[in-house]
Amino acid sequence: MLNHIHQWTRPLKRFPLKSLTPLSSLTFTKPSASASAAADTNPADTYDPAASLEILKCLKSKDLYSSSLCLKTLVDRLNSVQVDEVIGDLGAEDPELAIELFYLLKNEHGFRHSRVCSFVVAHVLAGKRRLMELRSFLRELVEEEGSGSAPSLCELLGNRFRVWESNGLVWDMFAFVYSRSEMVHDALFVLAKMKDLNIRASILTYNSLLFNLRHTNIMLDVYEEIKASGTPQSEYTTSILVDGLCRQSLFQEAVAFHQETERKGSMPSVVSFNTLISRFCEVGYVDVAKSFFCMMFKYGLLPDAYSYNILIHGLCVAGSMEEALEFTDDMENHGVEPDVVTYNILAKGFHLLGMMCGAWEIIRHMLHKGLNPDIVIYTILMCGHCQTGDIEKVSELREEMLSQGFQLNDICYSVLLSSLCKKGRISEALSLLHEMESIGLKPDLVTYSILIHGLCKQGEVQHAIQLYNKMHSKRVFPNSFTHSAILWGLSEKGTLSEARTFFDALTKSGLIKDIVLYNIMIHRYAKHGKIGEAVQLYKQIFESRITPSIVTFNSLIYGFCKSRKLAEARTWLDAINTHGLVPTAVTYTTLMNALCEEGNIRGMLEVLSEMETRAIKPTSVTYTVVVKGLCKQHRLQESLHLLDSMHAKGISPDEFTYNTIIHCFCKAQDMRKAFQLHSEMLLHNVQPGPVTYNVLINGLCVNRDLKEADRYFSFLQDQNIRLTKPAYTTLIKAHCAKGDASKADALFRQMVEKGFEISIRDYSAMINRLSRRKLTTNVKVFLRMMLSDGISLDQEICLVILNAFRGVGDLNSEFELLAVTIKHGLFPD
DNA sequence: CTAGGGTTAG
């Protein structure tokens, strides 16, 4: 039977849980008499060294597993120290059994083995050259011990195990797993100790360490050490260094290093080339990447599938789909078959361009080639259709994935969650989270961040914080994405000082250096007109040794505009260049909007042309501001022209643009043109929103017969078009102004029925208007409605109503209300 | 070394 067990070659990490099931189900040997007897007695008061000797004998004769009863005896009878001793003894005699016993006791019986015991097992594994198992074993050990554990573990390893034959191997693997578990300081400590003991580290360990240090300047120190130690390097050593230098923005050094290999007599490797191509693509230098690609041929090297995929990816991200497709053909012509990854990259490229039909075309092509779409490409498709709002297609895809035997993974769920959140459908998102958990998927940092962000955007900050705490308790730790969502939520929903407290708590430690957090805070101060505080924070950015981004400057400029300090805003705009940044459309649009508000349309247009000469593409927001400005000067024809030229330039006007221009035509009493623009919206597939309809309703109320407004309103309701509260209040106000209390009354009731939140402001607006017209019967009705709605009176409204009652001579009502007023302490002194 | 999910500004 044991032979059976020993044939299991799977890594030990997976071994424990499954090991007992087959063992205990086997019933070929009767439990020994001594074992049964021992199990019947209470272990606590019958601790018996002789019994453990018996068990050890049992073990040595490989009879341990003959029954689970025997094992239970062992567990009950021995204490940790003795178990460790048994395993230690066994390690030399029967290593396999020692390892099995170790795991069995640890995982099934909760034994905490000593470190000594663990190292025995490690040496046994090393001696047997079971390196994968050794790696996962040590990995588990260092992860349990945590960071900072290296010194004490090293001491043990150096003192008690030097004589073991495989000690050097254990040391090396020990350093390796620390590095792999991202406990870099511990790894460095182990390496230093190894140097003292004259044990050489393998290149694998060094490579892993170089990789983990690739963002830091310690990387080169480690490289020096590798050279000094004379450890033979692998081709990955070079590529990791090239990668690291690029990541530290030392591109010239990276290229020099890459070429240095040539001087040393060997060729630069394909891997090293691939790294360079990848990094140059990443920073947007696709042309440079392409020249490295071509250079490979000159060296007589053939690009592999990675080389092609990396370059094709770079081209897709840069939006050069044609070229990406050309390289795919080229790939085939050179005898490198495009693989699933290639097609996924191409599909992503189409998705980025918003061309989902292109992505589908790629799938067709794949199928034609006999390749099956994988979960990645399905995710890309889902993501694309989520963005276009085609929920139908998304659920179809989901069904198809399931029918293809793919279980949705955490990333698919995140895509779905994200699209629900963006649509504000938070409760559906939350139930999807539940679904995810119920099928055993663990939401990760991104998943939680998406939800937290969604909740904050909906104003449910408290709920978001709950989730934030939950994620903490599941040991998923927030990063700057999560923090910024919470900070944004607090600053939007809570008070500025609440947000600031959170911000200070985050930044105080000095560990979190994130410009986005500063940007959010600065923007809030700017919005509240506290430009002084904003500038203060700007200074703090430099003290914290962070680099401001263009968003930082945009927010500051916005702040100065908001505080009507346009000259200063202009100065800040000019200062952007000195920080090596380039203004964006947002920068200019902010300033233009402020000039527009100030009525300085000429100034606004000057900024627009400045923007154009600097080749910064205006967006639809920019043009909307211009439309607003032109309308202010009643230049309606020009604004219509602008609308046309927007279409021509391929910058489609959005709902805001149309709302702005429609509003202008309403103000100019040209309802015909206003409605014509509304039709044009539909024609261009721009969905009119509640604001559009409110503008139109208001236009009809002001410019036409009220009956027409009523008819349009009913028409919209019949069409099931979503209207918001202002549509109702606009119409109610118009009816009140006309003195039609009953119509106003009916509309108000409708508004209540639809479930809109009605505030004291809505009631008092209504009561005010009715009172002014001395319609006291209606006033009484509304008063009762308001009180039954749980809204209490305020002083202002009392006075208005009292006046109305007095005006019509309704003394009873006047005195009744007066009593209430006094009782509630609302009567003025 | 390549492919799928998440922040801030008008």
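These numbers come from a predicted model, not from an experiment.

**Quick notes on the overall build of chain A**
Looking only at helices and strands, chain A features 48 helices and zero strands. Taking all 829 residues of chain A together, the buried fraction comes to 48%. Relative to all contacts within chain A whose residues are 6 or more apart in sequence, the contacts with residues 24 or more apart total 60%. Carbon and sulfur atoms provide 53% of the accessible area of chain A, an area that totals close to 42,000 Å².

**Observations concerning unusual backbone geometry**
For R129, which is not glycine, the phi torsion reads 60° and is therefore positive. Tracing the chain through its elements places R129 in the loop between helix 8 (115-127) and helix 9 (131-145). Even without a glycine there, the phi angle at R545 is positive, about 55°.

**Focus on the pattern of salt bridges**
Under the definition given, this model contains 27 salt bridges. Across the salt bridge formed by K227 and E224, the nearest N and O atoms sit 3.6 Å from each other. With K227 and E224 both in helix 14 (residues 218-229), this residue pair falls three residues apart, about one helical turn. The partly exposed category is assigned to E224, whose relative accessible area is 45%. Where K369 meets E337, a salt bridge forms, and the shortest distance between an N and an O atom there is 3.9 Å. Remark: E337 occurs in the loop between helix 20 (321-333) and helix 21 (340-352) and K369 occurs in the loop between helix 22 (356-368) and helix 23 (375-387); sequence separation between them is 32 residues. On the accessibility criterion, E337 (49% relative accessible area) is partly exposed.

**Some remarks on the packing of aromatic side chains**
The description of an aromatic ring pair rests on the distance of the ring centres and on the angle between the ring planes. A full pass over the atoms with the stated rule returns 24 aromatic pairs. Ring plane angle 50° and centroid distance 5.1 Å describe the contact between F251 and F280, whose orientation is recorded as tilted. Here F251 is found in helix 16 (residues 251-263), whereas its partner F280 is found in helix 17 (residues 270-282), with 29 residues between them in sequence. Both residues of the pair, F251 and F280, count as buried. With 5.4 Å between their ring centres and 50° between their planes, F748 and Y763 make a pair best called tilted. With F748 in helix 44 (residues 741-753) and Y763 in helix 45 (residues 760-772), this residue pair connects regions lying 15 residues apart in the sequence. A relative accessible area of 1% places F748 in the buried class. One aromatic cluster is present, built from ring pairs that chain together F119, F161, W164, F174 and Y178.

**So, the protein's contact with DNA strand B**
As a matter of local geometry, DNA strand B sits amid 48 residues, with N344, N409, D444, N554 and T619 nearest to it. Counting only the atoms of DNA strand B within 4 Å of the protein, the fraction contributed by sugar and phosphate is 41%. Measuring from a base oxygen of DNA strand B, one finds a side-chain N or O atom of N274 at 3.0 Å. Interatomic distance of 2.7 Å between a side-chain N/O atom of N554 and a base nitrogen of DNA strand B. No other element matches helix 27 (residues 445-457), which puts seven residues into the surface near DNA strand B. Each residue belonging to the surface near DNA strand B can be placed in one class, and the counts come to 22 nonpolar, 22 polar and four charged.

**Considerations on the side chain of S771**
Within the fold, S771 resides in helix 45. Given the relative accessible area of 5%, S771 is considered buried. When sequence neighbours within four positions are dropped, the list of residues in contact with S771 reads V779, V800, I801 and A804.

**Regarding the environment of H523**
Along the polypeptide, H523 turns up in helix 31 (residues 515-527). Assessed through its relative accessible area of 26%, H523 is described here as partly exposed. In this structure H523 touches S555 and Y558, once residues within four positions along its chain are discounted.

**Considering the environment of N519**
The residue N519 is located in helix 31 in this model. Distance in space between the C-alpha atoms of N519 and V586 is 14 Å, their sequence separation being 67 residues. The contact partners of N519, leaving out residues within four places of it in the chain, are S549, V551, T552 and S555. Only 2.7 Å separates the side chain of N519 from the side chain of T552, close enough to count as a polar contact.

**Regarding helix 24 (residues 391-403)**
When the terminal C-alpha atoms of helix 24 are compared, their 18 Å separation across 13 residues agrees well with the 18 Å that a helix rising 1.5 Å per residue should span. At the C-terminal side of helix 24, G405 shows a positive phi close to 85°.

**Let's talk about the side chain of S166**
Its place among the elements puts S166 in the loop between helix 10 (150-160) and helix 11 (167-180). Sequence-distant contacts of S166, defined by excluding residues within four places in its chain, comprise H123, A126, G127 and R129.

**Details of helix 34 (residues 566-575)**
Turning to helix 34, its buried residues number three or more, namely L566, A569, W572 and L573. The buried residues of helix 34 all sit within an arc of 110° when viewed along its axis, so they share a single face. Close packing links the buried residues of helix 34 with helix 32 (531-543), helix 33 (550-562) and helix 35 (585-597).

**With respect to the confidence of the model for chain A**
Taken over all residues, the pLDDT of chain A has a mean of 84, while the share at 70 or more is 90%. Every residue in residues 1-47 is under pLDDT 50, and counting partners more than four places away or in other chains gives 56 contacts.

**Topic: the state of the cysteines**
This model, assessed by the stated rule, comprises zero disulfides. C357 takes part in no disulfide bond, and the closest cysteine sulfur, belonging to C316, lies 15 Å away. The structure places no disulfide on C736, whose sulfur is separated from the nearest cysteine sulfur, that of C701, by 12 Å. Owing to a relative accessible area of 5%, C736 belongs among the buried residues under this scheme.

Criteria and thresholds
- Residues numbered from 1 in each chain as written.
- Chains lettered and ligands numbered in written order.
- Predicted model: local features only at pLDDT ≥ 70, side-chain atom pairs only at ≥ 80, totals over all residues.
- Heavy atoms only, no water.
- Helix = DSSP H or I, 4+ residues; strand = E, 2+ residues; numbered from the N terminus.
- Buried < 20%, exposed > 50% of the residue type's maximum accessible area, 1.4 Å probe, protein only.
- Contact = heavy atoms within 4.5 Å.
- Areas by Shrake-Rupley, 256 points an atom, 1.4 Å probe, with all protein chains shown as cover.
- Salt bridge = Lys/Arg side-chain N within 4 Å of Asp/Glu carboxyl O.
- Phe/Tyr/Trp six-rings, centres within 6.5 Å; stacked < 30°, edge-to-face > 60°.
- Near = heavy atom within 4 Å.
- Polar contact = N/O pair within 3.5 Å; in protein donor to acceptor, adjacent residues only side chain to side chain.
- Nonpolar A, V, L, I, M, F, W, Y, C, P; charged D, E, K, R; others polar.
- Expected span 1.5 Å × (residues − 1).
- Arc of directions from axis to C-beta.
- pLDDT = per-residue confidence, 0-100.
- Disulfide = S-S within 2.5 Å.

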